[in-house]
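Residue-level structure breakdown
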Amino acid sequence: MPLDQKPLPSQPSAGSGPDRATGQDSAARSSEGTARAAGEGSADGVAGTAAQEAAGTAPEPAPEAPWDIRQPGPWTHRDLAANGARFHIAELGQGPLVLLVHGWPEYWWAWRHQLTALAEAGYRAVALDLRGIGGSDRTPRGYDPGNLALDITGVIRSLGERRAHLVGHASGGTLAWVAAVMRPSVIQSLTAVSAAHPRDLRRALLTDRRQMAAFDHVLGFQRPWIPERRLVTDDAALVGRYLDAWTGPNQLDRAAVAAYRQAIRIPSTAHCSIEPYRWLLRSMARPDGIQFARRMKKPITAPTLHVQGAADPVLLSHTALGGGEYVAAPYRWRLLPGIGHFPHEEAPEQFTAELLDWIGRHKD
């Protein structure tokens, strides 16, 4: 495994990783030893163990398997080149391509439910690690939305496809909007999840006090170096608190939260993953930010499904509402009651049903 995919070392604590060993392993070893002693005679068993310990040949317990960003499953992991960088993907199924793009602080694993469901429905499902996150390259620059959107469309081309159904969550959803503007011929359909159109988000961050307050973590990211250190301190406990606070009643499962805490601790990930948020705020008064906002006026020609959790405390529903103004194609708005910032994980069956229905209507 490449060195840049190993989390920073930490003191072991209960539940600090998604694959941490439990007491079942030691219990199994104990039962096995008891059965062996019963079969061979208790005196001989004790004597044999004592002799092994005295000779220094007693078997040591198997070491715990290291956590890996390439978590096993029915999918296939591989790397491919696009837009001057190397990207990690998880891939499953055959058929029309559906490219899934995660938000912050997640990585490809966020789409595990959709990968299997899409493959079973006859699609080629691919979950991407964005630049600077998961198993993808951590480059020193290139975290503006225009370049990140070209990463996505470049990955589609590198997969050997001309077009794809593009699904993006949160920051990944913002990039999906951008990709649909910049490379319309590549996007067959667009699904934006917990993601306002970039012009609506810009407007809200300049004029809406409620949305500004909901983005207080993004304001905190503007300081140099301090946010990165806070994110990885205490086994990334802050990331766990964010995830718990941003969900509705259906909390993320503990294994998923532990995995995201591990992923943010891979060296340079904390820094790279918040660079797009720094660009978002710092560019608002700069020529590049103003030019980007003007470019986003261009109508989107891809059929667009817009999914929003009604209980999302990060991107408020009234900020997301209105994205259809920029879509010159079929547009569907779906507001999910009782769902927070992660519809694809909080209500995977409901979300996947919406997604399958939408892309099924726009296969051709």
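The structure this text deals with has already been given above.
Since we're looking at a predicted model, the values are computed, not measured. (Residues numbered from 1 in each chain as written. Predicted model: local features only at pLDDT ≥ 70, side-chain atom pairs only at ≥ 80, totals over all residues. Heavy atoms only, no water.)

As for helix H10 (residues 254-264)
Side chains three or four residues apart in an α-helix point the same way, a direct result of the helix having 3.6 residues per turn. Burial analysis of H10 places eight of its eleven residues in the buried class, the great majority of the element. Among all positions of H10, only Ala256, Val257, Ala258, Ala259, Tyr260, Gln262, Ala263 and Ile264 are buried. Taken together, the buried residues of H10 touch helix H3 (112-120), helix H9 (226-245), helix H11 (269-282) and helix H14 (343-346). (Buried < 20%, exposed > 50% of the residue type's maximum accessible area, 1.4 Å probe, protein only. Helix = DSSP H or I, 4+ residues; strand = E, 2+ residues; numbered from the N terminus. Contact = heavy atoms within 4.5 Å.)

A look at the environment of Asp364
Along the polypeptide, Asp364 turns up in the segment after helix H15 (348-361). Along the backbone, Asp364 and Pro96 are 268 residues apart, and their C-alpha atoms lie at a distance of 9.9 Å.

Section: the nonpolar core
In terms of nonpolar packing, the biggest core is built from 101 residues, with Leu99, Trp104, Tyr107, Trp108, Leu128 and Leu231 touching the most fellow members. A total of eight residues in this core trace back to one element, the largest contributor, which is helix H5 (residues 171-182). Not counting the four nearest positions on each side in its chain, Tyr107 is found in contact with Trp67, Ile69, Gln71, His102, Asp129, Ile133, Gly134, Ala259, Tyr260 and Ala263. (Core = buried A, V, L, I, M, F, W, Y, C linked by side-chain atoms within 4.5 Å.)

What to know about the sheet that holds strand S8 (residues 331-336)
Across the sheet, which stays open at both edges, the eight strands sit in the order S1-S2-S4-S3-S5-S6-S7-S8 with mixed pairing between neighbours. Bordering the open sheet on either side are strand S1 (76-82) and S8, each of which pairs with just one other strand. In this sheet, neighbouring strand axes are inclined to one another by 20° on average, regardless of whether the strands run parallel or antiparallel. Two strands pair when backbone bridges link them, and strand S7 (residues 304-309) and S8 are joined in this way by six bridges, in the parallel orientation. By the bridge assignment for S8, Val307 is matched with Arg334. Helix-sheet contacts for helix H4 (residues 145-158) involve S1, strand S2 (85-92), strand S3 (97-101), strand S4 (124-128), strand S5 (164-169) and strand S6 (187-193), and the interaxial angle to S1 is about 110°. (Pairing = 2+ DSSP bridges. Axes fitted to C-alpha atoms, helices over the stretch in contact; angles between N-to-C directions.)

Some remarks on a positive patch on the surface
A cluster of like positive charges, contributed by Arg157, Arg162, Arg163, Arg183, Arg295 and Lys298, occupies part of the molecular surface. Along the polypeptide, Arg162 turns up in the loop between H4 and S5. (Patch = residues over 30% accessible without salt bridge, like charges linked within 9 Å, V, L, I, M, F, W, Y side chains within 5 Å. Areas by Shrake-Rupley, 256 points an atom, 1.4 Å probe, with all protein chains shown as cover. Salt bridge = Lys/Arg side-chain N within 4 Å of Asp/Glu carboxyl O. Lys, Arg positive; Asp, Glu negative; His and termini not counted. Charge placed at Lys NZ, Arg CZ, Asp CG, Glu CD.)

A closer look at the side chain of Glu346
Note that Glu346 resides in helix H14. In this structure, Glu346 is buried with no salt-bridge partner, the nearest side chain bearing the opposite charge being Arg254 at 11 Å. In this structure the side chain of Glu346 is engaged in a polar contact, spanning 2.8 Å, whose partner is the backbone nitrogen of Gly248. Separated by 3.2 Å, the side chain of Glu346 and the backbone nitrogen of His341 make a polar contact. When residues no more than four places from it in sequence are discounted, the contact partners of Glu346 are Trp246, Thr247, Gly248, Asn250, Leu252, Ile339, Gly340 and His341. (Polar contact = N/O pair within 3.5 Å; in protein donor to acceptor, adjacent residues only side chain to side chain.)

Notes on the packing of aromatic side chains
Under the defined criterion, the tally for this structure stands at 14 aromatic pairs. Ring centres 6.3 Å apart and planes at 80° place the aromatic pair Tyr107 and Trp108 in the edge-to-face group. Judged on exposure class, the residue Tyr107 and its partner Trp108 are both buried. Their ring planes at 20° and their centres at 5.0 Å tell us that Tyr242 and Trp246 sit as a pair that is stacked. Judged on exposure class, the residue Tyr242 and its partner Trp246 are both buried. Ring pairs connect the aromatic residues Trp67, Trp75, Tyr107, Trp108, Trp109 and Tyr260, which therefore count as one cluster. (Phe/Tyr/Trp six-rings, centres within 6.5 Å; stacked < 30°, edge-to-face > 60°.)

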